[in-house]
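An overview of the molecular structure
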Amino acid sequence: MALRIFTTRRRLRFIDDYAWPPGLIAKLQRHHSNLTPDQIQRIGLGLKQFFRAYHRGGYRPVAMPSQAVDDLWHEFILYTKAYDAFCQNAFGRFLHHTPAAVLTPSQKTSNEGLRRVWWQACKEENIDPKAPATLPLLFALDGELSIPGGYRYVPDCGGVRTVSTTVGIEFSTQCGGDFSSTSFDGTTDGLGDGDGGSGDGDGGGCGGD
């Protein structure tokens, strides 16, 4: 148990302290040339939150909720040796890339991964994942930075949905409150499982193919 706790703390500290490979942030800045350096740095913080969620979720499958953070993750993977070394130090295994996604009735696997990331990101920021009053960084970034094609979340969509239905416009905002609902695929799989993290979890070995 002591070794497991030590490993968990060491891996989380490694993620927190990790310095991105030279040139990586500059490549993201060129891709999002309208963003300031501080905003680009927030995307980096979002990716680290995603990595911590994967770790704390026991290395079970995860899904990416942010297009901006997904852009950085994809660029990071292209630094093949650096990314492989990062994964081995942070997780003890390779984390495969999965495209950014939202809750979708036909995509139970990615729904489960999104719920898992939502739960861990909320817990990290002391947000109630079942009744959120605000959003964790990873789920707020696309809207905050006005990312083209990004996924915009609000904590509770009740009022927004009512307005969109009344005026007859298409509703495209994603809702934090939906992660604890069974309305999308009949389950809440991924919500809260593996809570507390695992230094040497055996939850499948990767985030997807």
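Procedures and definitions
- Residues numbered from 1 in each chain as written.
- Predicted model: local features only at pLDDT ≥ 70, side-chain atom pairs only at ≥ 80, totals over all residues.
- Heavy atoms only, no water.
- pLDDT = per-residue confidence, 0-100.
- Contact = heavy atoms within 4.5 Å.
- Buried < 20%, exposed > 50% of the residue type's maximum accessible area, 1.4 Å probe, protein only.
- Helix = DSSP H or I, 4+ residues; strand = E, 2+ residues; numbered from the N terminus.
- Arc of directions from axis to C-beta.
- Expected span 1.5 Å × (residues − 1).

Here's the deal with the confidence of the model for the chain
Residue-level pLDDT values for the chain average 87, and 86% of them are 70 or greater. Predicted confidence for residues 199-209 stays below pLDDT 50, and this span has 44 contacts to residues more than four positions away or in other chains.

Some details on unusual backbone geometry
The phi dihedral of Tyr-59 is positive, around 65°, even though this residue is not glycine. Among the residues examined, Tyr-59 registers a relative accessible area of 0% and is labelled buried. One non-glycine residue with positive phi stands out, namely Asn-126, at about 60°. Tracing the backbone through its elements, the reader meets Asn-126 in the loop between helix H6 (108-124) and helix H7 (137-144). Taking the relative accessible area as the measure of exposure, Asn-126 reaches 74% and is therefore exposed.

A look at helix H5 (residues 80-90)
Along H5, the residues that are buried comprise Tyr-83, Phe-86, Cys-87 and Ala-90. One side of H5 holds all its buried residues, which, seen down the axis, span an arc of 95°. Phi turns positive, to about 75°, at Gly-92, one or two residues after H5.

Topic: helix H1 (residues 2-17)
Taking 1.5 Å of rise per residue, 16 residues should cover 22 Å, and H1 covers 22 Å from first to last C-alpha, within 8% of that figure. Buried within H1 are the following residues: Thr-7, Thr-8, Arg-11, Leu-12 and Ile-15. The buried residues of H1 occupy an angular sector of 125° when the element is viewed end-on, so they sit on one face. Projecting away from the buried face of H1 at angles above 90 degrees are the exposed residues Ala-2, Leu-3, Arg-9 and Asp-17.

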